[in-house]
Every structure is written in structure tokens, then in C-alpha cells.
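# An overview of the molecular structure
Below, each chain spelled out in residue letters.
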Amino acid sequence: MFLALREIRHAKLRFALIAGVIVLVSSLVFILSGLANGLSAGNTAAIDAMPVDGMVVSAGSDYLLDRSTVSAGVAKDIAGIDGIDSAEPLGVSSANITASASDTVIGVSFFGIVPEGMIQPDVTRGEGFAGHEGGVVIDETLTEDGIGLGDTFLTEPGGIELTVVGVTTDRTYRLRPSIYMPLDLWRQLQPVQEGAAPDAVSAIVVRGDQAAIDSIPDVAPDTMVGSTTQVAGHIPGEAEQNGTLMLIQVFLVVIAAGIIAAFFYIITLQKLPELGVMKAIGTGTGYLVRTLIAQVLAIAVVGILLGISVADTLALVIGNAVPYSITVQRMALFGGILLLVAIGGTVLSLARIARVDPLDAINKAG
Amino acid sequence: MTTPVLELTNISKRFGEGEARVDALSAVSLRVVRGELVALIGPSGSGKSTLVSIAGALLTPSEGRLYLNGEDITDSPGQQRARLRLREIGFIFQGSNLISYLTGREQLLFIADLIGLPNGDARRQAYRLLDELGMARRADHYPEELSGGERQRIAIARALMNDPALILADEPTASLDSRRGRAVVELLAREVHERDKAAVLVTHDERLLDLCDRVVHIADGRLTGMPVGAGSAAM
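Positions within a chain are numbered from 1, following the residues in the order the chain's sequence is written. Naming scheme: in the order in which they are written, chains are lettered from A and ligands are numbered from 1. For this predicted model, a pLDDT threshold of at least 70 governs which residues receive local features, and a threshold of 80 or more governs which side-chain atom pairs are given and counted, while totals over whole chains, interfaces and linings are taken from all residues. Side-chain descriptors were evaluated using all non-hydrogen atoms of the structure, hydrogens and water having been removed beforehand.

### Topic: the overall build of chain A
A helix here means a DSSP run of H or I that spans at least four residues, while a strand means a run of E at least two residues long, and both kinds are numbered starting from the N terminus. In terms of helices and strands, chain A carries 12 helices and 13 strands. In terms of overall dimensions, chain A has C-alpha extents of about 100 × 50 × 30 Å along its principal axes. Counted over contacts in chain A with a minimum sequence separation of 6, partners at least 24 positions apart contribute 79%. Working definition of accessibility: Shrake-Rupley area with a 1.4 Å probe, residue cover restricted to the visible protein chains. Accessible surface, chain A as shown: approximately 16200 Å² in total, 61% of it carbon and sulfur. By definition in these notes, contact holds between two residues if any of their heavy atoms fall within 4.5 Å.

Now the structure itself:
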């Protein structure tokens, strides 16, 4: 590309400005993407992490675990269905805890699970709660609130003192740290409700083939099934928050396209006499098109790469103050979209280049 | 007799229809052979630009045939015309005909890139041409840093870079004072003769005519003056 880089070199400021705008727009896209991802993970990580194929909740609960009550006994009926490999009861509830050492009250989510069952989290420090009376496994984020391995806290409701015996990671639910405990202990902590079944839990988690899972409501009356993705998507505010952030990102991508389109179109218009001369001396339209695309690619790639580093630097600076998490795949996805959009933005300019008449190079007055 | 590089036979060009019809050229015939610099002189609106546009394969005539190196290219499609312009014709235009973001040397290397000349050959040829035209020292300047005369000398070098059969110069001295204009045409004439090219110089400056081998007058779309092909070099 003989012309592409030489023109950029000659008009450094101009191209630096447009690259700067792309850096800003793309870094904002990446930051929002990381924020959306981080917020969403904070909301749903504990659900996403469950290696199960389906969750059985009560009919009419709209997949809200807080609203769902299922009898733990139906787990056995469900496990009996052909094609279901296993079914376990799961209790999920919101609670507050008070650290014994400091009197601070922290909002958490209690997960009552079958010990050594399907959704037992892997501990990164300490050990599982099996064999520890009153022992629980906490999510890493709780350690930021001053509760660590070996610490004790009081539950509310329940008023029972529990001890942290293990720490796991990436198990937040509704932006709160999760605390894993045996199902029996979880049940003890639930306030007694009039008319509630004594063995009530929030959901039954199942593993098995899809057809069998879909047939569960036939066996267990007043239930419905959904995937973990479905349940995560129904967490209050989750869809709205994702939708809002996604909308902003879509707008940013559209804005990026518009800016690139306008910039290159204006540059092309300024160059029309020169383009006429080039065509007159035999430069093909294809050559000029390739030149423009090469320029857009160069500017966009530099802009996007700098945008990624700006976003990452900002994320480092912000630290844990906001939930920020971005994967290489998401970066590649948004980077790719921005790149495509940048190339799409040149359509106007390309059309104008195609219409340049080499005859324009000749002095018309003669 | 050798085949003329450029031959126009009974070329007519009309623009518009009915009342608005303009006959820019009427039955124009012209032959230019190797080593011959033909001046095309005429007042504004006489059809000079139309004629040079047709000769340069930029415009198709309404009637008549156009031959380049003996080959009829009257009806060649656009892409083939672009290739002919690139390979066989060297253009020198009036005023701003250099690319603003390329240095003098790069203007020439750009042509080499278009025709796919190997890098080493391109650099050697560009240097030789720039040196011949007295621009070797100013070769790495951008057009905006060069005087009008220097820019036209670069333009001549660029027009020769593809080693064309035919050179078409459209009022190359229009934006120059007469002394510089004359120097540019002297250079052009020297290159045409030394390299044995055929060339047409469109001008309205009669003081330059002595540098040309033959003068063709054009008025109201018709050629007058020397009869077709009667130039001394054509014999």
C-alpha cells in the first residue's frame, strides 16, 4: 500500500485526531463491556457456576429463587425419571451476618446444599464444610469485608454462630457474597413460616438429558424447569441492567461508525481533484479503494488496541471499587465489531471514489 | 513510413442534444509520430481540452477513430483505457497535478508501484529522471515546498516514469511566468527528442511555439494550419 501510510505520515495530526476519537470510543465500549460483564457476574456467578442441566422451581415463581418453594422430597421422584442422572435439593436465601470480631452487618446469600453433592464449590483455601459442625464455605469477596478463614459470625435470621472453614471464588449472587452450608443447617436458619412444608427448599437442581428434564413438571406437580441461564436471567434487574448497558454499547458502535464515515468522507471530498489526476494517469478504482481500506484498517486497529489498553489501565486503577471483568473473547468480539463497523463507515467514501471522473484532471476552460 | 504513435481520424465530439447541442470537435484528424512535439494552440473554448481528452483515452469521441501505436482503441472499455493511460501515455496537467502528500521522488515511485516495477529498477529510474530534469537535490521535498517550475519538472519526470509512447501536456505552463514556462517546455522538448517520444503540447502561449516541431491551430473545433501529417518529422 504505497499511498496509504504515506498519506497518514504526511497528515499526522489529522489521522492522530481520528485515531484518538476511536481510542476514546473503543475504550468506552470495552469499559462498558467489562462493567456489564462484571455486574452480571456479580449478580449471577453463583448460579452460572452450578454444573447442572436444569433447575426445578415452583410454578408461578417466575424463576425467582427467593419466591420459589419446592418440597425437598420431590427430588427423589425426579431422580426416578428415566434420563435424569441426579437431582438434589437446593436452598437459597438472603440473609445478614454480623462478624463476631467487628459488629459490622453484611448482606449475604445463603446456599444450602447437599454435602459432597453436585454444586459443592471447590475451595481455594481451607477445606469443605464436611466434618465441621457449624462450618461454612464463603465466597472470596466476603474476605474484603473482614471475614476470613477461621473467623466466626452470627446469622440473622437464625442467630447461630458459624465458622468459616473454606474460601471459594466467583460465587456471588445478586451482588452479594455467597455462603455455602449443609442443607440441614440452612433449613435451621430459615424463619418458620405458617403452612410451609417442613422440608421446603428453593429449588431442585438436576442433571440429565433435556427431554427428561422437560418432563419433570409431569412428575412433580406445581413445578417448572429452567436452565441456569434462564434462572440467572430472571434475577431482578439483571435483564434491565444488561439491556441498558448493551444499548449504550450499540450506540457507541454506531457513533464510531458515523465518526469514521464522516471523517473519511470529508478527507475524500478534499482529495477529489487529486483523485481525478490519479485516475487520469491510470490508477484503477480498485487501487484507490484498497488504499482507503488499508488506511481505515491501520487507524482502527491502532485505535482499538490503544482503546483496550486504556480500558485495562482504567480497570487496574479502579481496582475492586466496581465489578469489572472482561474476557479475551469479549474483547475480540467488540474489537472485531468495531473494525467491521469502521470498514462499513467507508462505504460513502468508496462510492464517491468510484464516481470520480478522470476527465476532471483536464483543464475544462480550453 | 513508421506507424504514428497517435492517430485521430475524422474525430467529432458533440455534447448535449437538440438546442443545447455543442459541437466541440468537428472531423478532426491528427497524426503524431515518434520524436515529434506538436503544439496545439487555440483560444479558450476552441476544443483543445476535448481533443487532448480524446487523445488521452479519457473521453470517447462521438464519431471517428482513435489509434494508439496503430491499434484502434476507440471502443476500448474503461479498464483497458485506464491500463493504456498507465502504460502508454504520460500526462502533464496544468497546476495542481502532483499528489500533495508525496515527495517528488515518491510521485515517480507511485507510478512504478502502479505498473509493478521492481523496487530497485524504480529507484534507479526515478533518480535518473530527476537528475536529468535538475530535480535530484529537491527530490525529497513535498509539492508545497517546491516552486511552480519545480513542480512541473517533477510532473514531466512523472510523465516519463512509465516510459510512455505518447506524452500529453495540458497547458503545463499556465501557472508559470514566461521565463519559467519556457524553461519547462525546453526540458519537455529535450526529453521528447532524446527519448524519441511523441508529444502533444496544449498551450495558448505563442512564444513557446519555436520549441515545437509542428504547430496545429484549433478554432471552433476544427484544425487549421499545417495539414495532417505534414510535419517535417513525420516524413
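### Examining the interface of chain A and chain B
Facing the 23 residues of chain A at the interface are 35 residues of chain B. Once two parts are joined, some of their accessible surface, as seen by a 1.4 Å probe, is lost; buried area is that loss totalled over both. With both chains or domains summed, chain A and chain B bury close to 2600 Å², and 61% of this area falls on carbon and sulfur atoms. The largest share of the area that chain A buries against chain B comes from His10, Ile281 and Ile362 of chain A, three residues that together contribute 24% of it. In what follows, salt bridge is the name for a side-chain nitrogen of Lys or Arg lying within 4 Å of a carboxyl oxygen of Asp or Glu. Linking chain A with chain B are two salt bridges, by the criterion used here. Of the charged contacts in the structure, one is a salt bridge between Arg9 of chain A and Glu106 of chain B, with a shortest N-O distance of 3.1 Å. Polar contact is defined as a pair of N or O atoms within 3.5 Å, subject to the rule that within protein one atom must be able to donate a hydrogen and the other to accept it, and that residues adjacent in sequence are counted only when both atoms are side-chain atoms. In this structure, the connection of chain A to chain B is made through seven residue pairs in polar contact (both at pLDDT 80 or more). Residue assignment for the side of chain A that touches chain B shows that the elements contributing at least two residues are helix H1 (2-10) and helix H9 (272-280) of chain A. Top element by residues in the side of chain A that touches chain B is H1 of chain A. It accounts for six residues. In this classification, the charged set is Asp, Glu, Lys and Arg, the nonpolar set is Ala, Val, Leu, Ile, Met, Phe, Trp, Tyr, Cys and Pro, and all remaining amino acids, among them Gly, are polar. Of the residues that constitute the side of chain A that touches chain B, the class distribution is 12 nonpolar, five polar and six charged.

### Some points on the packing of helix H10 (residues 285-318) of chain A against helix H11 (residues 328-344) of chain A
Residue and element names in this part refer to chain A. Packing of H10 against H11 brings their axes to within 10 Å, and their N-to-C directions diverge by 150°. It follows from the interaxial angle that H10 and H11 lie roughly antiparallel. Handedness of the crossing formed by H10 with H11: right-handed. Touching Ile293, Val296, Leu297, Ala300, Val301, Ile304, Ile308 and Asp312 of H10 are Met331, Gly335, Leu338, Leu339, Ala342 and Ile343, all from H11. Within the contact of H10 with H11, the residues separate by chemical class into 12 nonpolar, one polar and one charged. In this analysis, axes come from line fits to C-alpha atoms, helices being fitted only over the stretch in contact, and the angle between any two N-to-C directions falls in the range 0 to 180 degrees. Orientation is classified from the angle alone, with under 35 degrees giving roughly parallel, over 145 giving roughly antiparallel, 65 to 115 giving roughly perpendicular, and any other angle giving oblique. By convention, the crossing between two helices is left-handed when the near helix turns anticlockwise from the far helix through less than a right angle, and right-handed when the turn is clockwise.

### Examining the packing of aromatic side chains
Two numbers describe a pair of aromatic rings. These are the distance of the centres and the angle of the planes. Working definition: a ring pair exists when centres of Phe, Tyr or Trp rings (six-membered ring for Trp) sit within 6.5 Å. Plane angles under 30 degrees give stacked, over 60 give edge-to-face, the rest tilted. What the rule picks out here adds up to eight aromatic pairs over all chains. Aromatic side chains Phe263 of chain A and Phe264 of chain A sit 5.0 Å apart centroid to centroid with 90° between the ring planes, which places their arrangement in the edge-to-face category. Here the two residues Phe263 of chain A and Phe264 of chain A agree in accessibility, since each one is buried. Three or more aromatic residues link up through ring pairs in this structure, and these residues are Phe2 and Tyr287 of chain A together with Phe110 of chain B. Here, a charge over a ring means that NZ of Lys or CZ of Arg falls within 6 Å of the ring centre while also lying within 35 degrees of the ring normal. It is Arg6 of chain A that lies over the ring of Phe2 of chain A; its NZ or CZ is 3.8 Å from the centre. Relative accessibility decides the category of a residue: with a 1.4 Å probe and only protein chains considered, values under 20% of the type maximum give buried, values over 50% give exposed, and everything between is partly exposed.

### Regarding the environment of Arg21 of chain B
The residue Arg21 of chain B is located in the loop between strand E1 (6-15) and strand E2 (22-32) in this model. In contact with Arg21 of chain B, other than residues within four places in its own chain, are Arg14, Phe15 and Gly16 of chain B.

### A few points about the side chain of Thr346 of chain A
Positionally, Thr346 of chain A belongs in the loop between H11 and helix H12 (347-355). Residues contacting Thr346 of chain A, with those up to four places away along its chain left out, are Leu292, Ile293 and Val296 of chain A.

### A closer look at helix H5 (residues 148-161) of chain B
To estimate the expected span of a helix, subtract one from its residue number and multiply by 1.5 Å. The terminal C-alpha atoms of H5 of chain B lie 20 Å apart, and with 14 residues this matches the ideal 20 Å at 1.5 Å per residue to within 8%. Most of H5 of chain B sits out of view: 11 of its 14 residues are buried. Those residues of H5 of chain B not exposed but buried are Gly149, Glu150, Gln152, Ile154, Ala155, Ile156, Ala157, Arg158, Ala159, Leu160 and Met161 of chain B. Of the surrounding secondary structure, the elements contacted by the buried residues of H5 of chain B are H9 of chain A together with strand E6 (89-92), helix H3 (104-115), helix H4 (119-132), strand E7 (166-170) and helix H6 (178-194) of chain B.

### A short note on a negative patch on the surface
On the surface, Asp53, Asp82, Asp85 and Asp209 of chain A cluster together to form a negatively charged patch. Following the sequence through the fold, Asp209 of chain A ends up in the loop between strand E12 (203-208) and helix H5 (210-214). A residue counts toward a patch only above 30% relative accessible area and without a salt bridge, and it is joined to like-charged neighbours within 9 Å or, for Val, Leu, Ile, Met, Phe, Trp and Tyr, to nonpolar neighbours within 5 Å. By the counting rule applied here, Lys and Arg register as positive and Asp and Glu as negative, while His and the ends of each chain are not counted. By convention, the point assigned to a charge is CZ for Arg, NZ for Lys, CD for Glu and CG for Asp.

### Structural notes on the pattern of salt bridges
Residue and element names in this part refer to chain B. Per the counting criterion, the structure on display carries 24 salt bridges over all chains. In this structure, the salt-bridge partner of Glu132 is Arg195, at a minimum N-O distance of 3.0 Å. You can see Glu132 sitting in helix H4 and its partner Arg195 sitting in the loop between H6 and strand E8 (198-203), a full 63 residues away along the chain. A residue is classified by how much of its surface remains accessible, and Glu132, at 27% relative accessible area, is partly exposed. Exposure remark for Arg195: the relative accessible area of 27% places this residue in the partly exposed category. Of the charged contacts in the structure, one is a salt bridge between Arg195 and Glu191, with a shortest N-O distance of 2.7 Å.

### Describing the nonpolar core
By convention a nonpolar core is built from buried Ala, Val, Leu, Ile, Met, Phe, Trp, Tyr and Cys residues, the set being connected through side-chain atoms within 4.5 Å. Phe15 of chain A together with Leu8 and Phe110 of chain B are the most contacted members of the largest nonpolar core, which has 110 residues in total. Discounting residues that sit within four places of it in the chain, Phe110 of chain B has contacts with Phe2, Leu3, Met278, Ile281, Thr283 and Tyr287 of chain A together with Ile99 and Leu102 of chain B. Formed by 37 residues, the second largest nonpolar core is a distinct cluster that contains Ala75, Ile81, Met181 and Ala212 of chain A.

### Comments concerning the sheet that holds strand E4 (residues 63-68) of chain B
Residues and elements named next belong to chain B. A sheet is described by the order of its strands in space; here four strands give the open sequence E2-E1-E4-E5, paired in antiparallel fashion. The sheet is open, and its two borders are formed by E2 and strand E5 (71-72), each paired with just one other strand. The sheet contacts of helix H1 (residues 48-55) involve E1, E2 and E4, and relative to E1 the element is tilted by about 125°. Between any two strands, at least two bridges found by DSSP are needed for them to pair.

### Considering the domain arrangement of chain A
All names here are of chain A. Boundaries between domains were set according to an automatic or database domain assignment. Once the domains are mapped, chain A shows domain 1 (2-43 + 238-361) and domain 2 (54-226). Put simply, the middle of domain 1 and the middle of domain 2, counted by C-alpha atoms, are 46 Å apart. With five residues of domain 1 at the interface, the matching set in domain 2 holds six residues. Taking both sides of the interface into account, the surface hidden between domain 1 and domain 2 amounts to around 390 Å²; carbon and sulfur atoms contribute 45%. Summed over the three residues of domain 1 that lose the most area to domain 2, namely Gly42, Asn43 and Asn320, the buried surface amounts to 77% of that side. For the pair domain 1 and domain 2, the number of links is zero salt bridges. Our count for the domain 1 to domain 2 interface comes out at four residue pairs in polar contact (both at pLDDT 80 or more).

### Quick look at the pairing of strand E3 (residues 84-99) of chain A
Residues and elements named next belong to chain A. Counting buried residues along E3, 12 of its 16 residues qualify, which places the element largely inside the surrounding structure. By the bridge criterion, six bridges tie E3 to E12 in an arrangement that is antiparallel. Across the sheet, residue Ala87 finds its bridge partner in E12, namely Val206. Sheet topology note: the E3/strand E4 (residues 105-113) ladder contains eight bridges and is antiparallel. Residue pairing for E4: Ser93 is matched across the bridge by Phe110. Here E3 folds back onto E4 in antiparallel fashion, the turn holding five residues, of which Asp103 has a positive phi close to 70°. Where E3 meets strand E7 (residues 152-156), four bridges bridge the pair, whose relative direction is antiparallel. In the strand pairing of E7, Ile97 is matched with Thr155.

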